[in-house]
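Spelled out from the first residue to the last, the chains are:
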Amino acid sequence: MRMHLRRALIGTAAIAMAATLAACGEAGDGGDGGGDGGDGGDGKGTIGILLPDDWTTRYEAFDRPVMEQTIKKLCEDCEIEYGNAAGDTSRQKQQFDAMLTQGVDVIILDPFDAGATSGWVDEAKAEGVPVVAYDRLAEGDIDAYVSYDNYRVGQLQGQAILDSLGDNAEGARVVMINGSPTDPNAALFKAGAHDVLDGVVDIVYEDDIDGWDPALANQSMTAAIQSLGDDGFDAVYSANDGMAGGIVTALEGEGITGIPVGGQDAELAGLQRIVSGQQAFTIYKALVPEAEVTAEIAVRLLNGESIDDLAPESVDSPTTEGIPSALLTPVAVTKDNIKDTIIADEFYTVDEICTPEFAEACAEAGLTG
């Protein structure tokens, strides 16, 4: 894991690591608590990490390892418990409850269904366990929130759709495949995109995809093609790269090419589709800084230290006002600026993107000699 990536597009969040933090309790091996129990010791110096699904590649490739490594860097004796909900709210609730039972001291929660978490978080609060909402704004009395300006993400997506259409943007027909209704970020992405697109293009088909499931996005795109015809739209907005993969497969299955498709998350497969011309853009949210600042906030809360410099902003959830927050800055990535963003930040290397299958496309894009 490239732990030195710290400066990429981090906006107002101050994420300089503390030089030395107090030791955090009993030593332990951490590991995959999985919500199924496990040895949390007496709970002293234990941080729990709960992530929402196992099909979005970022969580196991970046979020989890960066948070774990950062916690250990700041607090080498801290224990770590981990669980992945695998897209199941009930499972995530079981994992959360298990962490409380084990005596975890701080919980980092990226909720699969943010609207379901209020009671969980308030129970943790009653037990003196701080909860840091990660990436998605969990409901309940959380102690801090780390994410991106998600309305701005949607605006960038909308503008990138217009840019991809160029002189043909005015009056263009756009299909919108939005994210999960259970994810508050999806509503912000959608609203931000509409803010830019409405009044310029014609939204001819729109759907929200449960759980951000690429297979369901594929089905939705297929339904759109059947409804509109293969020449009834000019571009496709996809709320993330995983769904964009399903959308591109649906388009290619119908022999449709040359349609700009957008995404988000800068997943490796999405970047490769951008290089090869199957996808027009993605939104790069530098995951390493996001995970690092979250881990540092968790360690500080464990130690009873101030987080004001790490979470200088404030947001409101449906249940809680004035949540200390760090909102990082996203950027749109196309074939033209992959080298200056993704590769310059070592988020992915040229070798990782430019596998033999994409060698010719990478050369044409100027990524390789």
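This is a predicted model, so every value here is computed, not measured.

Participant: Looking at this structure, I do not really get the pairing of strand 7 (residues 202-208). What am I missing?
Facilitator: Two strands pair when backbone bridges link them, and strand 6 (residues 173-178) and strand 7 are joined in this way by six bridges, in the parallel orientation. Within strand 7, the position partnered with Met-176 by the bridge is Glu-206. After leaving strand 6, the chain enters helix 5 (residues 184-197) and then returns to the sheet as strand 7, a path that is right-handed.

Participant: Hey, could you run me through the state of the cysteines in this one?
Facilitator: Applying the stated criterion to the full structure yields two disulfides. Across the disulfide from Cys-75 sits Cys-78; the S-S distance is 2.2 Å. Disulfide Cys-75 to Cys-78: torsion about the S-S bond roughly 80°, handedness right-handed. In this pair, the class of Cys-75 matches that of Cys-78, namely buried. Across the disulfide, Cys-354 is cross-linked to Cys-362 (sulfur-sulfur distance 2.1 Å). An S-S torsion of about -95° defines the bridge between Cys-354 and Cys-362 as left-handed. Note on accessibility: Cys-354 and Cys-362 belong to one class, buried.

Participant: How should I be thinking about the side chain of Asp-143 in this particular structure?
Facilitator: Secondary-structure assignment places Asp-143 in the loop between strand 4 (131-134) and strand 5 (144-148). A distance of 3.1 Å separates the side chain of Asp-143 from the side chain of Lys-125, its partner in a polar contact. Setting aside anything within four residues of it in sequence, one finds Asp-143 in contact with Lys-125, Pro-130, Val-131, Leu-301, Ile-307 and Pro-324.

Participant: I would appreciate a short explanation of helix 1 (residues 58-74) in the present structure.
Facilitator: Because the α-helix completes a turn every 3.6 residues, residues three or four places apart line up on one side. Taking 1.5 Å as the rise per residue, helix 1 with 17 residues should run 24 Å; its terminal C-alpha atoms sit 23 Å apart, in good agreement. For helix 1, the buried fraction is high: twelve of the 17 residues fall into the buried class. Listed in full, the buried residues belonging to helix 1 are Arg-58, Tyr-59, Phe-62, Asp-63, Arg-64, Pro-65, Val-66, Met-67, Glu-68, Thr-70, Ile-71 and Leu-74. Buried residues along helix 1 sit against strand 1 (46-51), strand 2 (79-84), strand 3 (106-109), strand 4 and helix 9 (287-303).

Participant: Explanation requested: the pattern of salt bridges in the structure shown.
Facilitator: Side-chain pairs of opposite charge can arise whenever the charged atoms involved come near each other. Using the criterion set out here, one finds 14 salt bridges in the structure. With a shortest N-O distance of 3.3 Å, Glu-290 and Arg-58 are connected by a salt bridge. Within this pair, whereas Glu-290 is found in helix 9, its partner Arg-58 is found in helix 1, the two being separated by 232 residues in sequence. Each member of the pair, Glu-290 as well as Arg-58, is classed as buried. Residue Asp-265 is joined to Lys-285 by a salt bridge in which the shortest nitrogen-to-oxygen separation is 3.6 Å. Taken together, the residues Asp-265 in the loop between helix 7 (241-253) and helix 8 (268-276) and Lys-285 in the loop between strand 9 (282-284) and helix 9 connect sequence positions 20 residues apart. Through salt bridges with shared partners, a single network forms among Arg-58, Asp-63, Asp-135 and Glu-290.

Participant: I keep staring at the sheet that holds strand 7 and nothing clicks. Help me out?
Facilitator: Strand-to-strand pairing in sheets goes through backbone hydrogen bonds, with the strands running parallel or antiparallel. Spatial strand order, 7-6-8: three strands in an open sheet with parallel pairing. In the strand order of this sheet, the two ends are held by strand 7 and strand 8 (235-238), each with one partner. On average, each strand axis in the sheet is inclined to that of its neighbour by 15°, with strand direction left out of account. Those strands touched by helix 5 are strand 6, strand 7 and strand 8, and its axis lies near 180° from that of strand 7. Against the sheet, helix 6 (residues 214-228) contacts strand 6, strand 7 and strand 8, and its axis sits at roughly 145° relative to strand 7.

Participant: Just checking my understanding: could you explain the packing of aromatic side chains for this structure?
Facilitator: To describe a pair of aromatic rings, you give the distance between the ring centres and the angle between the ring planes. Applying the stated criterion to the full structure yields seven aromatic pairs. For the ring pair Phe-96 and Trp-120, a centre distance of 5.7 Å and an interplane angle of 50° mean the geometry is tilted. Of this pair, Phe-96 sits in helix 2 (residues 89-102) while Trp-120 sits in helix 3 (residues 118-126), and the two are 24 residues apart along the sequence. We note that Phe-96, like Trp-120, is buried. Members of the aromatic cluster, connected to one another through ring pairs, are Phe-62, Tyr-284, Phe-347 and Tyr-348.

Participant: Which parts of the structure should I look at to understand the packing of helix 4 (residues 150-165) against helix 5?
Facilitator: Think of two packed helices as two axes; the pair is described by the angle between the axes and how far apart they sit. The geometry of helix 4 relative to helix 5 is characterised by a closest axis approach of 6 Å and an angle of 40° between their N-to-C directions. With respect to helix 5, the axis of helix 4 lies oblique. Considering the relative orientation of helix 4 and helix 5, their crossing is right-handed. Side by side, helix 4 and helix 5 meet where Asn-150, Tyr-151, Val-153, Gly-154, Gln-155, Gln-157, Gly-158, Gln-159, Ile-161 and Leu-162 of the first sit next to Asn-185, Leu-188, Phe-189, Ala-191, Gly-192, Ala-193, Asp-195, Val-196 and Leu-197 of the second.

Participant: I keep staring at the confidence of the model for the protein chain and nothing clicks. Help me out?
Facilitator: Any segment with low pLDDT has predicted coordinates that should not be analysed in fine detail. Averaged over all residues, the pLDDT of the protein chain is 88; the fraction at 70 or higher stands at 88%. Scored below 50 in pLDDT, residues 1-43 makes 122 contacts in the model with residues more than four places away or belonging to other chains.

Definitions and limits used
Residues numbered from 1 in each chain as written. Predicted model: local features only at pLDDT ≥ 70, side-chain atom pairs only at ≥ 80, totals over all residues. Heavy atoms only, no water. Pairing = 2+ DSSP bridges. Helix = DSSP H or I, 4+ residues; strand = E, 2+ residues; numbered from the N terminus. Right-handed = clockwise from strand over helix to strand, strands pointing away. Disulfide = S-S within 2.5 Å. Buried < 20%, exposed > 50% of the residue type's maximum accessible area, 1.4 Å probe, protein only. Polar contact = N/O pair within 3.5 Å; in protein donor to acceptor, adjacent residues only side chain to side chain. Contact = heavy atoms within 4.5 Å. Expected span 1.5 Å × (residues − 1). Salt bridge = Lys/Arg side-chain N within 4 Å of Asp/Glu carboxyl O. Axes fitted to C-alpha atoms, helices over the stretch in contact; angles between N-to-C directions. Phe/Tyr/Trp six-rings, centres within 6.5 Å; stacked < 30°, edge-to-face > 60°. Parallel < 35°, antiparallel > 145°, perpendicular 65-115°, else oblique. Left-handed = near helix turned anticlockwise from the far one by under 90°. pLDDT = per-residue confidence, 0-100.

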